[in-house]
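# Residue-level structure breakdown
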Amino acid sequence: MHARRCAAYTLTELLIVVAILAIAAVVAIPTAQPVAEFRADAAAGEVVNALRYARDNAQYSGAQRLFDCDAAANSIAVFALETDKTTTRAAREPVEHPFNRAPYLLNLNAAPAGNTMALVRCTFTFDDNSTAAAVAFDEAGKLLRGVGSGPARDRALRAGQVVLGAGNVERTIIIDTTGRITVS
């Protein structure tokens, strides 16, 4: 009787395949990091553009504009401000985006910011040590609280930052009292 030979792989062949896969993984993993860095830079650039647009639109229109962060929705919007008697608040709809005439709403879950960025923190501190997740630009481009009632809405910005993150990649957008915007 003849013994039947089964086709199989030897241990040596399996070890060679595993070694090739390990080398491919070592080469591929570092290339994934620049993609996250690129997305973080793109999202930070979009946030900086929204801040600049709020400032420029306030100066151009002669009306205050609010840069508003919504961490729950992972979005940023630019609003006009409405005042009724003593209270100032954001308008119902964001102002129009200059390119597509849609409401200026930056969704960090979608392009161009990418789909992996999270609004980690958005904090603006004013000269009375109060904090908010929004800041307004007045007609001269000066930063202030903008919303609320009485003198609280005229409080000047002392410091502000928007922090974006995805995994181990993080970008911080800092805005100072002069309106200078930096990304780190």
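Residues numbered from 1 in each chain as written. Predicted model: local features only at pLDDT ≥ 70, side-chain atom pairs only at ≥ 80, totals over all residues. Heavy atoms only, no water.

## What to know about the nonpolar core
For the record, the criterion: For this analysis, a nonpolar core means a set of buried residues of the types Ala, Val, Leu, Ile, Met, Phe, Trp, Tyr and Cys, connected via side-chain atoms within 4.5 Å. Buried residues are those whose accessible area, probed at 1.4 Å on protein chains only, stays under 20% of the maximum for their type, while exposed residues exceed 50% and partly exposed ones sit between those limits. Put simply, DSSP H or I for four residues or longer makes a helix, DSSP E for two residues or longer makes a strand, and each gets a number counted from the N terminus. Throughout, a residue-residue contact means that at least one pair of heavy atoms, one from each residue, lies within 4.5 Å.
Judged by nonpolar contacts, the single largest core of 35 residues is most densely connected at F67, I76, F124, V162, L164 and I173. Contributions of two or more residues to this core are made by α1 (11–61), β1 (65–70), β2 (75–84), β5 (118–126), β7 (134–137), β10 (157–166) and β11 (169–175). Here this core gets 10 residues from one element, more than from any other, and that element is α1. Sequence-distant contacts of F67, defined by excluding residues within four places in its chain, comprise V47, A50, L51, A54, I76, A77, F124, A133, A134, V135, F137 and V162.

## Section: the pattern of salt bridges
Where side chains of opposite charge bring their charged atoms close, a pairing between them can arise. Counted only if it meets this: Only one rule defines a salt bridge in this text: a Lys or Arg side-chain nitrogen within 4 Å of an Asp or Glu carboxyl oxygen.
With the rule as written, the count across this model stands at 6 salt bridges. For R171, the salt bridge identified is with E37, shortest N-O distance 2.5 Å. Taken as a pair, R171 in strand β11 and E37 in helix α1 lie far apart in primary sequence, 134 residues in all. R171 gets classed as buried once you look at its relative accessible area, which sits at 11%. Using a relative accessible area of 28% as the deciding quantity, one classes E37 as partly exposed.

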